[in-house]
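Fold and geometry: a report
Take a look at the letters that make up each chain.
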Amino acid sequence: MKRILSGIQPTGSLNIGTYLGSVKNFVKLQDKLPDYEFFIFIADLHAITVYKDKQVLRKLIKELAALYIACGLDPERVNLFIQSEVPAHSQMAYLFQCNSYMGELERMTQFKDKARKQEKGVTVGLFSYPTLMAADILIYDPDFVPVGKDQKQHLELTRDIAVRMNNKYNDIFTVPEPLIAEIGAKINSLSNPTAKMSKSDDNEKSRINLLDPENIIKKRIKSAITDSMGTVKYDPENRPGISNLLTIYSVITNMPFNDIEDKYEGKGYKEFKEDLGAIVFQELKPIQERYNELINSKELDLILDKGRDRAIQVTERKLAKTMDRIGLGRKRK
Ligand code: TYM
């Protein structure tokens, strides 16, 4: 059976950037591709590459699990699990660290960005992060990995590691293809529209979280940075602010940019932003309702247990095979 895999770090509350750039696509793919097996996870091991308070981390892990389901992932179709509950990810990551090079990891732009922000030193985990991500992926032999644009470089490294290991150890891994949406693969910050909307941005006005109340959602859209031209036109090079809002509008409503531009011809930002605020809230309202039902339910634990058990089954087998090919331990009978 073909497979699709992806994950999200529980480093902060889920925002509409991550939702539109990844989770919404997982749901679409799950509905469109009934013949694929899906593995979707909470990348909690990645979240400790930079220190996180224990209580906060626990809360964010559970919140993300509930939000995945609330956003429409079907637990009957998707193996949903928590990365740290599947030990083979870390074990495989070590094998990949022995098959990747300092130079290639030093080139990762996300590492460079994050390393610059660390005042108390950069952990080895932050540096080796892409090898863990490669392990998360390759251990499942997925055909496709849906991600946002910022993960493209990590996916390229993952493919390089797969090819390298296949050459050395005789075709162990499937070389996966990234699936990056044409529209919405990079939703930008509402306060700085040339930068990515991020869970870890200190400025709360930069994003809308999935669990934000209606008044905050509308306020954030209203105060989103645009320009002084006052026309609703998609032009990401010259007019990143309004183009970012048009992207959010288009991904949620499925309307092409041209149609949205026509609809707001002769109208200003005020009306467009009011409509967009209502559209975003309409999208998030059912998610919030389902989230509230799920967050303290037994159902959520059962879903995570089931996902974990299936993930362990697949990964233990693949890890044993990989170790055998490398020549570790005793030869398998
Ligand atoms: P993370 O947690 O930063 O983001 C999760 C997913 O959401 C996408 N994304 C966005 N897309 C559009 N606009 C945005 N503003 C935006 N912000 C985030 C990301 O591209 C990503 O697809 N290293 C990964 C998590 C990970 C993973 C994996 C992903 C760990 N192992 C294996 C896929 C496969 C990360 O930090 O994503």
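Thresholds applied
- Residues numbered from 1 in each chain as written.
- Predicted model: local features only at pLDDT ≥ 70, side-chain atom pairs only at ≥ 80, totals over all residues.
- Heavy atoms only, no water.
- Helix = DSSP H or I, 4+ residues; strand = E, 2+ residues; numbered from the N terminus.
- Rg over C-alpha atoms; globule rule 2.2 N^0.38 Å.
- Buried < 20%, exposed > 50% of the residue type's maximum accessible area, 1.4 Å probe, protein only.
- Contact = heavy atoms within 4.5 Å.
- Near = heavy atom within 4 Å.
- Polar contact = N/O pair within 3.5 Å; in protein donor to acceptor, adjacent residues only side chain to side chain.
- Areas by Shrake-Rupley, 256 points an atom, 1.4 Å probe, with all protein chains shown as cover.
- 1 Å grid on protein atoms, 1.4 Å probe; cavity = no way out; pocket = protein on both sides within 12 Å on 5 of 7 lines; lining within 4 Å.
- Sits in = over half its atoms within 2 Å of the grid points.
- Nonpolar A, V, L, I, M, F, W, Y, C, P; charged D, E, K, R; others polar.
- Points joined across faces, edges and corners; volume = space filled by probe spheres on them.
- Salt bridge = Lys/Arg side-chain N within 4 Å of Asp/Glu carboxyl O.
- Domains from an automatic or database assignment.
- Buried area = accessible area lost by both parts, 1.4 Å probe.

Let us now look at the overall build of the protein. Along the protein, the regular secondary structure elements total 13 helices and five strands. A compact globule built from 333 residues should have a C-alpha radius of gyration of about 20 Å, and the protein, at 21 Å, falls within 12% of that. Dimensions of the protein along its principal axes, counting C-alpha atoms only, are 75 × 45 × 40 Å. In the protein, which comprises 333 residues, the share counted as buried stands at 51%. At a minimum sequence separation of 6, the contacts of the protein that also span at least 24 residues come to 74%.

Time to look at the site of the ligand. Taken together, 28 residues lie around the ligand, and Gln-9, Tyr-129, Asp-136, Asp-150 and Lys-199 are the ones closest in. One of the side-chain N or O atoms of Gln-9 is found 2.7 Å from an oxygen atom in the ligand. At a separation of 3.3 Å, a nitrogen atom of the ligand approaches a polar side-chain atom of Gln-151. Compared with its free state, where it exposes 710 Å², the ligand has 98% of that area covered by protein. More than half of the atoms of the ligand fall within 2 Å of the grid points belonging to the largest pocket. A class-by-class count of the residues in the shell around the ligand yields twelve nonpolar, eleven polar and five charged.

Turning to unusual backbone geometry, a few remarks are in order. Phi is positive for Asn-170, which is not a glycine, with a value near 70°. Here Asn-170 lies in the loop between α8 (152–169) and β5 (177–179). The backbone phi angle of Asn-254 is positive, close to 70°, even though this residue is not glycine. Mapped onto the fold, Asn-254 is located in the loop between α10 (240–253) and α11 (257–263). You can call Asn-254 exposed: its relative accessible area is 61%.

Structurally, Ser-243 can be placed in helix α10. Note on Ser-243: relative accessible area 2%, which makes it buried. A distance of 2.8 Å separates a polar side-chain atom of Ser-243 from the backbone nitrogen of Asp-235. In this view, Ser-243 contacts Lys-233, Tyr-234, Asp-235 and Pro-236; residues no more than four positions away in its chain are not counted.

Under the defined criterion, the tally for this structure stands at two cavities of 30 Å³ or more. Around the largest cavity sit Gln-110, Phe-111, Lys-114, Leu-126, Tyr-129, Pro-130 and His-154, which together line it. Sorting the residues of the lining of the largest cavity by element identifies α6 (109–117) and α7 (124–138) as the ones contributing at least two each. Broken down by class, the residue content of the lining of the largest cavity amounts to four nonpolar, two polar and one charged.

For the structure shown, the criterion picks out 19 salt bridges. The residue Glu-37 makes a salt bridge to Arg-310 at a minimum N-O spacing of 2.7 Å. Placement of the pair is Glu-37 in strand β2 (residues 37–42) and Arg-310 in helix α13 (residues 298–326), with a sequence separation of 273 residues. Accessibility expressed as a relative area gives 23% for Arg-310, which makes it partly exposed.

Turning our attention to the domain arrangement of the protein. Taken domain by domain, the protein holds domain 1 (2–180 + 298–326) and domain 2 (204–292). Computed over C-alpha atoms only, the centres of domain 1 and domain 2 are separated by 30 Å. The interface is formed by 14 residues belonging to domain 1 together with 14 residues belonging to domain 2. Across the domain 1 to domain 2 interface the summed buried area is about 1400 Å²; carbon plus sulfur atoms make up 70%. The largest per-residue losses of area from domain 1 upon contact with domain 2 belong to Ile-16, Leu-20 and Ala-70, which jointly make up 37% of the total buried on that side. Applying the counting criterion to the domain 1 and domain 2 interface returns two salt bridges. Two residues, Arg-290 and Glu-299, come together in a salt bridge whose shortest N-O distance is 3.4 Å. For the interface between domain 1 and domain 2, the tally reads five residue pairs in polar contact (both at pLDDT 80 or more).

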